[in-house]
Amino acid sequence: MDSVIHSHTKTTNRLYTEPHNPHLHLARGLIHEQLGFPDLASADAYRALSLLESVVDPEECEFHARRRAEAIHEAELASKAAEAAAAAGNRHDTDDEDEDEDDEGTFVPITKPEYDDLIGTVYELLVRSLVSCACFRDAFDFCARGMGLFREAGMDCSVLQGLMGVIKRHYTERRAKLGREDSKEGDVDPRLLSAMGSARRVLYPWNMHEPDRKAPETVRLLNERVGTVAPKCEVKAVALPSLHGSHDKIANADTNAAGPESGDEVSIQLGLFAKEDIPPGEILLRESSLLTATNRLHDDLCDACNTLLPELSAENPPVACENCDDTIFCSRKCHDQAQDLYHGAICGREGLASIGRDIQDPRDKADCLYLLLLGRAMAMAATQGVHPLDLPEVKYIWGDFHDLDSNTNNNDPPTPDQSPPP
Ligand SMILES: [Zn+2]
Ligand SMILES: [Zn+2]
């Protein structure tokens, strides 16, 4: 496991310097699959596929696949050096300095023979991972595309054929469940396939940003912040019943009233408690956050705090960003905060404003808010020069993580052939 995680770290570091190298995306996708993260594997495989498509259809692609001239050779040397260093008990990565140099001259385009080499594995990893996450609609789409391509190229289709069998079995069951057996037998109607899948919620083994939420210094820090936004409340660490493996039972019970019985597994989480009696109707928490999202394009809302903009004739009229036509703030204060905390990194980059906002299908609108919120968090991290997981708005949010090696996840979709290793 340690050596797989070490390769994961190496490959991720290399991707920072070669983000358009499909070899590396595929390599990391296979590592993610091996570690039991098909959701992350499908994202890597999809990026590898998009980059490979630029090899055969350069006109249609925004980014073009390329790698360092000696990338493959270097990667081998680097992993050998790392193995040797690890064996000697020396964990320093001596080759990292070279990797950080960004020399434009050393890149070469990915060739058609490289494309031919990778494309089969990329399609198989993508479809296999999507099936593992139960994203059957996308799995079907890519599987059909891959099979068409493989047949045309005279390549072996058997892996994709097997996966198509899994998708079709799921389709038949779903058709029966939805009472849609009237729809044509044999042909798959992708609209009946599930578009949303699921993934394990775990603390990734390479994530070094997790705070100890129940440590006294963390609780003290949070209470300093809470003191200013909710003076009558305080944060405490509490033991809640562990929800793993008994989702249904607990969901029906009143978990607030009933504490866990002794001997039950517990989950320590942070909660907000009243320090004194609070009368009904009193506002107990007032906090403004810049980590917000709205997808109402061109509505008259402040880009930072999302309140309605004042009239242009108002005493304190709205303030526009000097470099961005569509970025308007309700006040000078919001404008200045935005520049310091999130807007700096995206200022003047035209085109970013419409991403996730210009939505064709209204059913996708709610999902796009996640994307926008993530985009805001990334902009905050880039502007403030911190890791996104170290933003104070993010750092203490806690999902109830599953154990990394837990096999008791009720939400795990059935996997086609074998379960991924823990
Ligand atoms: Zn504002
Ligand atoms: Zn701007």
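Whatever comes next refers back to the structure up there.
Computed from a prediction, not measured in an experiment: that's the story for all the values here. (Residues numbered from 1 in each chain as written. Chains lettered and ligands numbered in written order. Predicted model: local features only at pLDDT ≥ 70, side-chain atom pairs only at ≥ 80, totals over all residues. Heavy atoms only, no water.)

(A) Seen up close, the overall build of the protein chain. What the protein chain contains, in helices and strands, is 13 helices and 6 strands. Taking contacts inside the protein chain between residues at least 6 apart in sequence as the whole, the part at least 24 apart equals 67%. In the structure as shown, the protein chain presents an accessible area of about 25,600 Å², 51% of it carried by carbon and sulfur atoms. (Helix = DSSP H or I, 4+ residues; strand = E, 2+ residues; numbered from the N terminus. Contact = heavy atoms within 4.5 Å. Areas by Shrake-Rupley, 256 points an atom, 1.4 Å probe, with all protein chains shown as cover.)

(B) The arrangement of the coordination of the zinc ion (ligand 2) in detail. Note on the zinc ion (ligand 2): its protein donors are Cys321 (SG), Cys324 (SG), His343 (NE2) and Cys347 (SG). The metal-donor distances range over 2.0 to 2.4 Å. Coordination at the zinc ion (ligand 2) is tetrahedral, judged from the 4 donor atoms that bind it and the angles of 101 to 119° they form at the metal. Sequence positions of the residues that donate to the zinc ion (ligand 2) give the spacing C-x2-C-x18-H-x3-C. Of this pair, Cys321 sits in the loop between strand S5 (319–320) and strand S6 (328–329) while Cys347 sits in the loop between helix H11 (332–343) and helix H12 (365–384), and the two are 26 residues apart along the sequence. (Donors = N, O, S within 2.8 Å, 3.2 Å for Na, K, Ca; no water. Tetrahedral: all angles 85-135°; square planar, octahedral: opposite > 155°, others 65-115°.)

(C) Examining unusual backbone geometry more closely. In this model, Ala134 sits at a positive phi of 70°, which is unusual for a non-glycine residue. When you line up the elements, Ala134 lands in the loop between helix H6 (112–132) and helix H7 (136–152). For Ala134, a relative accessible area of 14% gives the class buried. (Buried < 20%, exposed > 50% of the residue type's maximum accessible area, 1.4 Å probe, protein only.)

(D) Looking closely at the coordination of the zinc ion (ligand 1). Only Cys302 (SG), Cys305 (SG), Cys330 (SG) and Cys334 (SG) from the protein reach the zinc ion (ligand 1) as donors, at distances of 2.3 Å. Between the 4 donor atoms coordinating the zinc ion (ligand 1), the angles at the centre fall across 108 to 111°, so the site counts as tetrahedral. Read in sequence order, the donor residues coordinating the zinc ion (ligand 1) give the pattern C-x2-C-x24-C-x3-C. Taken together, the residues Cys302 in the loop between strand S4 (266–274) and S5 and Cys330 in the loop between S6 and H11 connect sequence positions 28 residues apart. The exposure class assigned to Cys302 is buried, which follows from its relative accessible area of 1%. Judged by relative accessible area, which is 16%, Cys330 ranks as buried.

(E) Representation of helix H1 (residues 2–17) in the model. The terminal C-alpha atoms of H1, which comprises 16 residues, lie 23 Å apart, in line with the 22 Å expected from a rise of 1.5 Å per residue. The complete set of buried residues in H1 reads Val4, Ile5, His8, Lys10, Thr11, Thr12, Arg14, Leu15 and Thr17. (Expected span 1.5 Å × (residues − 1).)

(F) Examining the packing of aromatic side chains more closely. On inspection of all chains with the given rule, the structure shows 5 aromatic pairs. Here Phe37 and Tyr204 contribute two aromatic rings whose centre-to-centre distance is 5.1 Å and whose plane-to-plane angle is 90°, an arrangement assigned as edge-to-face. Linking Phe37 in the loop between helix H2 (22–34) and helix H3 (38–56) with Tyr204 in the loop between helix H8 (158–177) and helix H9 (216–229), this pair joins segments that are 167 residues apart in sequence. When the centroid spacing of 4.9 Å and the interplanar angle of 5° are considered together, the rings of Tyr204 and Trp206 count as stacked. Note on Trp206: relative accessible area 23%, which makes it partly exposed. One aromatic cluster in this structure is built from Phe37, Tyr204 and Trp206. The ring of Phe107 has Arg66 sitting right over it, with the charged end atom 3.9 Å from the ring centre. For the cation-ring pair, Lys236 lies above Phe273, with the distance from its terminal atom to the ring centre recorded as 5.1 Å. (Phe/Tyr/Trp six-rings, centres within 6.5 Å; stacked < 30°, edge-to-face > 60°. Lys NZ or Arg CZ within 6 Å of the ring centre and 35° of its normal.)

(G) Highlighting the nonpolar core. Among the nonpolar cores identified, the biggest contains 40 residues, and Val127, Val131, Cys143, Leu160 and Ile167 are the most heavily contacted of them. Looking at this core, the elements with two or more residues in it are H3, H6, H7 and H8. It is H6 that contributes the most residues to this core, 10 residues altogether. Those residues in contact with Cys143 that sit more than four places away from it in its chain are Val127, Leu160, Leu163, Met164 and Ile167. Core analysis: the second largest hydrophobic core is formed by 17 residues, Cys321, Cys324, Phe329 and Tyr342 among them. (Core = buried A, V, L, I, M, F, W, Y, C linked by side-chain atoms within 4.5 Å.)

(H) Structural view of the pattern of salt bridges. Evaluation of the coordinates by the stated rule reveals 14 salt bridges. Between Arg47 and Asp44 there is a salt bridge, with its nearest N and O atoms 3.0 Å apart. Taken together, the residues Arg47 and Asp44, both in helix H3 and 3 residues apart, mark about one turn of the helix. Of the residues examined, Asp44 reaches a relative accessible area of 0% and is grouped as buried. A salt bridge links Lys214 to Asp212, with the shortest nitrogen-to-oxygen separation between them at 4.0 Å. Among the residues examined, Asp212 registers a relative accessible area of 44% and is labelled partly exposed. Several salt bridges share partner residues, and in doing so they unite Arg28, Asp44 and Arg47 into one network. (Salt bridge = Lys/Arg side-chain N within 4 Å of Asp/Glu carboxyl O.)

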